[in-house]
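What the coordinates show
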Amino acid sequence: MTTDQPQPGLRGRVQRAMLLNALLDWRGGIVIALAILLAFFFPAPFIGFQPWFWLAGGAVAWGLLTVSILADPSTGARVTAELLQQKYEPTTLRNGDSRDKLIKAFEYRSKIANTIARSKPGVLRDHLEQTAAEIDDWIANLFNVAKRLDTFESDRTIQQDLRSVPAAIENYQTRLKNTTDPALRQQLGETLAARRSQLASLQTLQSTIERARLQMDATLSSMGTVYSQLLLMDAKDIDSGRAKRLQDDIAEEVKSLHEVVQAMDEVYQYKQ
């Protein structure tokens, strides 16, 4: 099973949301309303002036305002953050620890996006914007890991098996040791082997779950590191390759999260 990645579908949603946000911005509404009022109450403030001049001027001002909103990097960052949080809403998670970690991840993402928005236009910002897009993949995979942890922890059958299977194995071992009947020993042996196989599967699942928890911690720490590194960056870092190494580190972290999600799916599906 693959994870739900936010790209490229999210980019299209961001562009549509940015356009709608710009078109419906309250400042644009004030400009249009003001132009209409002026055209109605002051249709000809001086000779030769036509009422529609107000409307035309208002339309031009509204258009310029819309373009400036679309061009503002902070608009894209804000809209993307809102859409991400709608899709990967932390409050849908039952596990409190996972929920807190995802909320912290969104906090880091917001700080990173704001830092990038404040950077000067140019090659550095282009690199950093790509970095931000990859961080969105972090958010997606963190959420996917957290949802699978929720599934594991809420699966009563799995939780019961984790408690009952070791006890069942001890019981079959004792019975096999005290049984002399060949047919019964064969049946007990086969049942014991099946139980041991089940236990091995459960232990693999437990190990994968623990790996997922540790990977979430590692990813959150990496996001904090990325934020601190961005604060120290300037244009010379492009030449030194520091920005490229940062992107590579993020890509590796995304890959690790993706692998954990796949491992959880494979083991859990096998168990079921």
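Along each chain, residue indices are assigned from 1 in the same order as the chain's sequence is written. In keeping with the model being predicted, local features are shown solely for residues with a pLDDT of at least 70 and side-chain atom pairs are shown and tallied solely at 80 or more, while totals for entire chains, interfaces and linings include all residues. For side-chain calculations, the full set of non-hydrogen atoms in the structure is used, while hydrogens and water are omitted.

Let's talk about the overall build of the protein chain
Numbering of helices and strands starts at the N terminus; helices are DSSP runs of H or I of at least 4 residues and strands are runs of E of at least 2. Of regular secondary structure, the protein chain possesses ten helices and zero strands. Considering the protein chain as a whole, with its 272 residues, one finds that 40% of them fall into the buried category. Whether two residues are in contact is decided by their heavy atoms, any of which lying within 4.5 Å being enough. Taking the contacts inside the protein chain whose residues are at least 6 apart along the sequence as the reference set, 79% of them involve residues at least 24 apart. Accessible surface for the protein chain amounts to roughly 15400 Å². Of this, 57% is attributable to carbon and sulfur atoms. Classification of residues uses two cut-offs on accessible area relative to the type maximum, computed with a 1.4 Å probe and protein chains only: under 20% is buried, over 50% is exposed, and between them is partly exposed. Calculation of accessible area relied on Shrake-Rupley with a 1.4 Å probe; when residues are assessed, cover is drawn exclusively from the protein chains displayed.

Here we look at the pattern of salt bridges
A pairing counts as a salt bridge when a side-chain nitrogen of Lys or Arg comes within 4 Å of a carboxyl oxygen of Asp or Glu. Within the structure shown, the criterion is met by six salt bridges. Residue lysine 101 is joined to aspartate 97 by a salt bridge in which the shortest nitrogen-to-oxygen separation is 2.9 Å. With a gap of four residues between them, lysine 101 and aspartate 97 both fall in helix H5 (residues 96–118), about one helical turn apart. Since its relative accessible area comes to 45%, aspartate 97 is described here as partly exposed. Several salt bridges share partner residues, and in doing so they unite Asp97, Lys101 and Asp217 into one network.

As for helix H7 (residues 156–178)
Expected helix span is taken as 1.5 Å per residue step, with the number of steps being one fewer than the number of residues. Taking 1.5 Å as the rise per residue, H7 with 23 residues should run 33 Å; its terminal C-alpha atoms sit 33 Å apart, in good agreement. Helix geometry: H7 is bent most strongly at leucine 162, by close to 35 degrees, with proline proline 166 lying one to four residues after it. Buried within H7 are the following residues: Ile158, Asp161, Leu162, Val165, Ala168, Ile169, Tyr172 and Leu176. We define a polar contact as two N or O atoms separated by no more than 3.5 Å, with the added condition that, inside protein, one atom must be a possible hydrogen donor and the other a possible acceptor, whereas residues neighbouring each other in sequence contribute only through side-chain atom pairs. Where H7 starts, the residue carrying a side-chain oxygen 3.1 Å from the main-chain nitrogen of threonine 157 turns out to be aspartate 155. Fitting one axis to the seven residues ending at a residue and another to the seven starting there, the bend at that residue is the angle between the two axes.

Things to note about a nonpolar patch on the surface
Exposure above 30% relative accessible area and no salt bridge define the residues that can form patches, which grow by joining like charges within 9 Å and nonpolar side chains of Val, Leu, Ile, Met, Phe, Trp and Tyr within 5 Å. On the surface, Ile32, Ile36, Trp52, Phe53 and Leu55 cluster together into a nonpolar patch covering about 460 Å² of accessible area. Elements with a minimum of two residues in the nonpolar patch: helix H2 (26–41) and helix H3 (51–71). Mapping tryptophan 52 onto the fold places it in helix H3. Look at tryptophan 52 and you get exposed, because its relative accessible area is 52%.

Concerning the packing of aromatic side chains
By convention, a stacked pair of Phe, Tyr or Trp rings (six-membered ring in the case of Trp) has centres within 6.5 Å and planes under 30 degrees apart, an edge-to-face pair has planes over 60 apart, and any other such pair is tilted. Applying the stated rule across the entire model yields six aromatic pairs. Here phenylalanine 46 and phenylalanine 49 contribute two aromatic rings whose centre-to-centre distance is 5.1 Å and whose plane-to-plane angle is 70 degrees, an arrangement assigned as edge-to-face. For phenylalanine 46, a relative accessible area of 51% corresponds to the exposed category. Taken together, the ring pairs in this structure connect Phe46, Phe49, Trp52, Phe53 and Trp54 into an aromatic cluster.

The quantities given are spatial measurements derived from coordinates; they are silent on function.
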